[in-house]
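Close look at the chain arrangement
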Amino acid sequence: MRLQTKHIPNILTISRLILVPIIITLILLPAQDIKFLVYWFPFNDVTYYIYLKYLIAGVLFVGACLTDTLDGYLARRNKWVSNFGKLWDPIADKILINSILICFAFQETIPVWIPVVMITRDVVVDALRVQAVVHKQEISANIFGKLKTIFQMLAIIIILFFFNRPLHESSIFNYYFPQNIVMYLALLTSIISGAIYFVKYTNKSKVHK
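Everything in this summary refers to the structure shown in the same document. (Residues numbered from 1 in each chain as written. Predicted model: local features only at pLDDT ≥ 70, side-chain atom pairs only at ≥ 80, totals over all residues. Heavy atoms only, no water.)

Between its first and last C-alpha atoms helix 6 (residues 143-161) spans 27 Å; for 19 residues at 1.5 Å apiece the expected length is 27 Å, and the two agree. Every buried residue belonging to helix 6 is among Gly145, Lys148, Thr149, Gln152, Met153, Ala155, Ile156, Ile158, Ile159, Leu160 and Phe161, and all of these are buried. The N-cap residue of helix 6 is Asn142: its side-chain oxygen and the backbone nitrogen of Phe144 are 3.1 Å apart. (Helix = DSSP H or I, 4+ residues; strand = E, 2+ residues; numbered from the N terminus. Expected span 1.5 Å × (residues − 1). Buried < 20%, exposed > 50% of the residue type's maximum accessible area, 1.4 Å probe, protein only. Polar contact = N/O pair within 3.5 Å; in protein donor to acceptor, adjacent residues only side chain to side chain.)

As structure tokens, then:
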């Protein structure tokens, strides 16, 4: 039984990866293919329609976020830390979040440059982490990295459940306030966390030379 329970965090990580293609398919599926309108509401002279596909995708995404919180909690509390979890837990988060951001950009719900900047940051930081491991350097994570993930998840939840219309169908106020203010916070913390990691890596490299 112990052998099974200690793998629960890894199972939760794998379940998060399995949810990715399902959520993406729902987001990209034309709304008319799932005609059931769950709810709608007016906001600043613009009416927002939430179809069944967005509601299902939103619920699944919230579930995926909960698995991320739960697997980390279980791993730390019960010391079920594994090499698989160390590698795939952050990768699963990035695949989940960045895939959805790319879908939003494709649908023009958010500007294209936002996921471009965030994904570029992730690629650079991951490359630095690999180099740090190769040179046997330990670079600790920073609070801005955790805030980045929280803001990204919150922004995605807001878009899926409320403000998912294309930018050209929304007013300037709708675009800059409810739809993207949290996304901009995610972008800001993403850049700050990446810069901090780069500075730490550079300083460590200078010390080891």
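Next comes the rest of the write-up.
This brings us to the nonpolar core. Counting residues in hydrophobic clusters, the biggest one holds 35 residues, and the most contacted among them are Phe61 and Phe104. Secondary-structure elements contributing two or more residues to this core are helix 2 (8-28), strand 2 (46-51), helix 3 (52-78), helix 4 (83-106), helix 5 (113-134), helix 6 and helix 8 (181-208). Top element by residues in this core is helix 4. It accounts for seven residues. Beyond its immediate stretch of four places on either side in the chain, Phe61 contacts Ile23, Leu96, Ile100, Met153, Ile156, Ile157 and Leu160. Counting six residues, the second-largest nonpolar core is a separate cluster that includes Leu128, Ala132, Ile139 and Tyr197. (Core = buried A, V, L, I, M, F, W, Y, C linked by side-chain atoms within 4.5 Å. Contact = heavy atoms within 4.5 Å.)

For the rest of this paragraph, the subject is the packing of aromatic side chains. Across all of its chains, the model carries two aromatic pairs by this definition. Measuring from ring centre to ring centre gives 6.5 Å for Trp113 and Tyr184, while their planes differ by 15 degrees; the resulting arrangement is stacked. In this pair, Trp113 is assigned in helix 5 and Tyr184 in helix 8, connecting sequence segments 71 residues apart. Owing to a relative accessible area of 24%, Tyr184 belongs among the partly exposed residues under this scheme. (Phe/Tyr/Trp six-rings, centres within 6.5 Å; stacked < 30°, edge-to-face > 60°.)

Attention now moves to the pattern of salt bridges. On inspection of all chains with the given rule, the structure shows seven salt bridges. Residue Asp126 is joined to Arg129 by a salt bridge in which the shortest nitrogen-to-oxygen separation is 3.5 Å. Of the two residues, Asp126 and Arg129 are both situated in helix 5; the distance of three residues between them amounts to about one turn of the helix. On the accessibility criterion, Asp126 (30% relative accessible area) is partly exposed. For Arg129, a relative accessible area of 30% translates into the label partly exposed. Salt bridges sharing common partners tie together Arg16, Asp68, Asp89 and Asp93. (Salt bridge = Lys/Arg side-chain N within 4 Å of Asp/Glu carboxyl O.)

Take the environment of Thr120 next. Mapping Thr120 onto the fold places it in helix 5. Judged by its relative accessible area of 43%, Thr120 is partly exposed. Separated by 71 residues in the primary sequence, Thr120 and Ile191 have C-alpha atoms spaced 9.9 Å apart.

So, about the environment of Gln152. Its location among the elements puts Gln152 in helix 6. Apart from the residues within four sequence positions on either side, Gln152 is in contact with Ile97, Leu101, Met118 and Ala186.

Of the pairings in the sheet, the one linking strand 1 (residues 37-43) to strand 2 comprises six bridges and is antiparallel in character. Residue pairing across strands places Phe43 opposite Val46, the latter belonging to strand 2. Between strand 1 and strand 2, which follow one another and run antiparallel, lie two residues, and Asn44 among them has a positive phi close to 50 degrees. (Pairing = 2+ DSSP bridges.)

These values are about where atoms sit, not about what they do.
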